[in-house]
Structures are given as C-alpha cells and as structure tokens.
Amino acid sequence: MQTHFFRERVSHSTGWRIQAAAIVEEILPHAKSTQVDILLDLRSMLLDEVTWENLLDTFLQARAVVEDDHYMPFFRLRQLLEYSLRLEMAIQPDTPHSDMIRDMLRRKFPTLASYRRELKRLEFELNVTDDILSQKIQT
Amino acid sequence: MPTLTTKQTNAVINGLKNLLADSYSLMAQTHVAHWNVEGPHFFSLHEAFQKQYEELFEAVDEIAERLRALEELAPGGLAVLAKLSPIAELPIEHLPAKDFVAHLLDGHEKLIARAEQLREACDEAGDLETQDLVIGRIQVHQKTCWMLRSTLKNL
Ligand SMILES: [Fe+2]
C-alpha cells in the first residue's frame, strides 16, 4: 500500500526534477558543442525519473565537463540533488547511507564507480589498521 | 492624500521585517565566509567579505530604524530572524572558495527577489520613503551580485 508519506515524497521528487531540468535547459543555449550531449542526457534522465544511481552518475559526468563554465547553475543543481536524492533514497529499501550523496557532491568524484572504489580502499585501509592494532594488542 | 488600508501597511511592515531578517542572515553568512574561506585567493576574498558584512551591518540598523519610524517593533535575535529568512546557512567545513562565493551570491539573489516584492508593496501603499530605502538596498545587492559573479569567473 502506498502511504501518504510515500505519495508526498514522490510528488516532491517530480517537482524537484522538473526544477532541475529547467536549470539544465538554461545552460544549453550557452554550452559548448562538446558539452551539449551530456547536458541533454542529464536533462532527459531528470525527466524520465531514472533511478538515483543512474542520475547521480550522469550528473557527475556532466559536472566534470561543464561546471567550470557554469558554476552557479551547477551549484544550484548540487543543492537540489543533495536534498532531493536523499529523500528519494530514503524511500527505497537497501540503499547505502544517505550521507554518501552529500559526500560525493562535496568531494568532486567524477563517477559513482570511482566513489565506490575510494570507499573500498578506505575500508581496506581501516581493516588493515585494525588488524595491525589487534596484533599489537595480542603481542 | 489617500488613506492607506491596513492590508497595504501590513504588507510594507512584513516586507521590512523580511528584509531585516534577510540582511541579518546574509551579514552572518558573509562573516562566516570571511573567517572560513581558504585557498590562493584568501586575502582578496577575506577583505571583500569584510567590506560586505560591514555594509550589511549598517543596512540592518537602517532597516530596523525605519520599522521604528513606522511605529513597529523591530524583530531581533538569531532564532527569530532565522525563522523569517529563507537564506540557507553555510556548512561549517572546508569548502572550495568558489562555494563560499556561490552560496553568498545565491543569498543575495534570494534577498533581491523578496525586496522587489516589498518595493511593489511600498508603491501600492504610497509609502515613498520606505520605497526609497528599499530601492537603495536593491541597488547595493545588485552591485554585490555583479562583483560576486565576476569573482566566480576568475577563481
Ligand atoms: Fe576579521
């Protein structure tokens, strides 16, 4: 059964995606030819309501190519994504920690895969440190 | 001279309270940016932000005293003013210098949008003195927006 909470989140989601797509549209007439394709992809992904993972990945790719020339629109997109994707993730089961979105948007990862690799590396380093520490304690 | 309706004066009073809250919030945010900005452009940004929050400090006083001249009490206190303003707070963390500029630019644009509504409300109420103050404030914020936008291009 769809709860009131769920419906409210979905209607919020549609609203913010249209708002974000409008920001992308404002950049398009001023974009370089090398930036147009990724911006068109981003706009259609926003309007097609693709999953947050695909959307975030495309956003990061667009950001890497376009942000330097259009900082303010990307700043607004980041703010919208940070708030709204967290809400979207909150209604899906088995999603990773929502701080991940904030972290990614602040730290300029070029793709979702590169962010996940970095997380794995950190996790590995932490495990290694834990192992060394526990060995030291035992000896 | 036509008599003002309560509705018209209320719009001016509420608009002035919002302008006071937005200016106060922006002053506080600009002060935070002055403290926490980092990077190769530190000195120029640190100084530019100082000039901006000093100007806002004087503006806040002028707006509050206009409310008193209209025989209204001026709202004050961090919590009260924060509730009246939609301007977001800067996160307290190491941010790229560009994000401080972008955050403040966004705040100035939000303030201008509400101040323009107040300018119209003053017009409808025939309160030219308050309108004069509001137009002056809009001009200052438009100039700051231009400076911040130009800064963003070269950071
Ligand atoms: Fe200082």
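Residues numbered from 1 in each chain as written. Chains lettered and ligands numbered in written order. Predicted model: local features only at pLDDT ≥ 70, side-chain atom pairs only at ≥ 80, totals over all residues. Heavy atoms only, no water.

### So, the overall build of chain A
A tally of regular secondary structure across chain A gives 6 helices and 0 strands. Along chain A, helices and strands appear, N-terminal first, in the series α-α-α-α-α-α. The long-range fraction of contacts in chain A, counting pairs at least 24 apart against all pairs at least 6 apart in sequence, stands at 59%. (Helix = DSSP H or I, 4+ residues; strand = E, 2+ residues; numbered from the N terminus. Contact = heavy atoms within 4.5 Å.)

### Structural notes on the packing of aromatic side chains
All names here are of chain B. Per the counting criterion, the structure on display carries 2 aromatic pairs over all chains. On the basis of an interplanar angle of 75 degrees and a centroid distance of 5.3 Å, the ring pair of F42 and F43 is categorised as edge-to-face. For F42, a relative accessible area of 25% puts it in the partly exposed group. (Phe/Tyr/Trp six-rings, centres within 6.5 Å; stacked < 30°, edge-to-face > 60°. Buried < 20%, exposed > 50% of the residue type's maximum accessible area, 1.4 Å probe, protein only.)

### A few points about a negative patch on the surface
Negative charge collects at one region of the surface, where B:E54, B:E58, B:D61, B:E62 and B:E65 lie side by side. Mapped onto the fold, B:E58 is located in helix 2 (residues 42-69). (Patch = residues over 30% accessible without salt bridge, like charges linked within 9 Å, V, L, I, M, F, W, Y side chains within 5 Å. Areas by Shrake-Rupley, 256 points an atom, 1.4 Å probe, with all protein chains shown as cover. Salt bridge = Lys/Arg side-chain N within 4 Å of Asp/Glu carboxyl O. Lys, Arg positive; Asp, Glu negative; His and termini not counted. Charge placed at Lys NZ, Arg CZ, Asp CG, Glu CD.)

### Some remarks on the confidence of the model for chain A
Confidence in the prediction of chain A, expressed as mean pLDDT, is 78, and 73% of residues score 70 or more. Put simply, helix 5 (residues 99-107) of chain A is where chain A has its lowest mean pLDDT, 70, and helix 2 (residues 33-47) of chain A is where it has its highest, 94. (pLDDT = per-residue confidence, 0-100.)

### Structural notes on the interface of chain B and chain A
Residue-level contacts link 12 residues of chain B with 9 residues of chain A. Buried surface at the junction of chain B and chain A, summed over both partners, amounts to about 870 Å²; 49% is from carbon and sulfur atoms. The largest per-residue losses of area from chain B upon contact with chain A belong to B:K98, B:D99 and B:D106, which jointly make up 42% of the total buried on that side. Across the chain B-chain A interface, the total number found is 3 salt bridges. Residue B:D106 pairs with A:R76 through a salt bridge whose shortest N-O separation is 2.4 Å. Counting across the interface, chain B meets chain A through 4 residue pairs in polar contact (both at pLDDT 80 or more). The dominant element in the side of chain B that touches chain A, judged by the number of residues it contributes, is helix 4 (residues 97-125) of chain B, at 7 residues. Of the residues that constitute the side of chain B that touches chain A, the class distribution is 6 nonpolar, 1 polar and 5 charged. (Buried area = accessible area lost by both parts, 1.4 Å probe. Polar contact = N/O pair within 3.5 Å; in protein donor to acceptor, adjacent residues only side chain to side chain. Nonpolar A, V, L, I, M, F, W, Y, C, P; charged D, E, K, R; others polar.)

### Describing the pattern of salt bridges
Taken as a whole and judged by the stated rule, the model has 14 salt bridges over all chains. In this structure, A:R43 engages A:E25 in a salt bridge whose closest nitrogen and oxygen atoms are separated by 3.1 Å. Placement of A:R43 in helix 2 and of A:E25 in helix 1 (residues 4-27) is noted, with a sequence separation of 18 residues between them. Linked by salt bridges that have partners in common, A:R76, B:D106, B:E109, B:K110 and B:R149 make up one network.

### Examining the nonpolar core
Counting 43 residues, the largest nonpolar core has B:L19, B:F49, B:F100 and B:V134 as its most contacted members. Only helix 4 (71-90) of chain A together with helix 1 (6-36), helix 2, helix 4 and helix 5 (128-154) of chain B provide two or more residues apiece to this core. In contact with B:F100, other than residues within four places in its own chain, are B:A33, B:N36, B:V37, B:F49, B:L90, B:E93 and B:L95. Core analysis: the next-biggest nonpolar cluster, separate from the first, contains 30 residues, A:W16, A:L28, A:V66 and A:Y115 among them. (Core = buried A, V, L, I, M, F, W, Y, C linked by side-chain atoms within 4.5 Å.)

### Points about the packing of helix 4 of chain B against helix 5 of chain B
All names here are of chain B. Where helix 4 meets helix 5, the axes come as close as 9 Å, and the angle between the chain directions of the two elements is 155 degrees. One way to sum up the angle between helix 4 and helix 5 is to call them roughly antiparallel. The chirality of how helix 4 crosses helix 5 is left-handed. Residue composition of the contact of helix 4 with helix 5, by class: 15 nonpolar, 7 polar and 6 charged. (Axes fitted to C-alpha atoms, helices over the stretch in contact; angles between N-to-C directions. Parallel < 35°, antiparallel > 145°, perpendicular 65-115°, else oblique. Left-handed = near helix turned anticlockwise from the far one by under 90°.)

### A short note on the confidence of the model for chain B
Mean pLDDT for chain B: 94, with 97% of residues reaching 70 or above. Taken together, the chains of this predicted complex give a pTM of 0.81 and an interface ipTM of 0.81.

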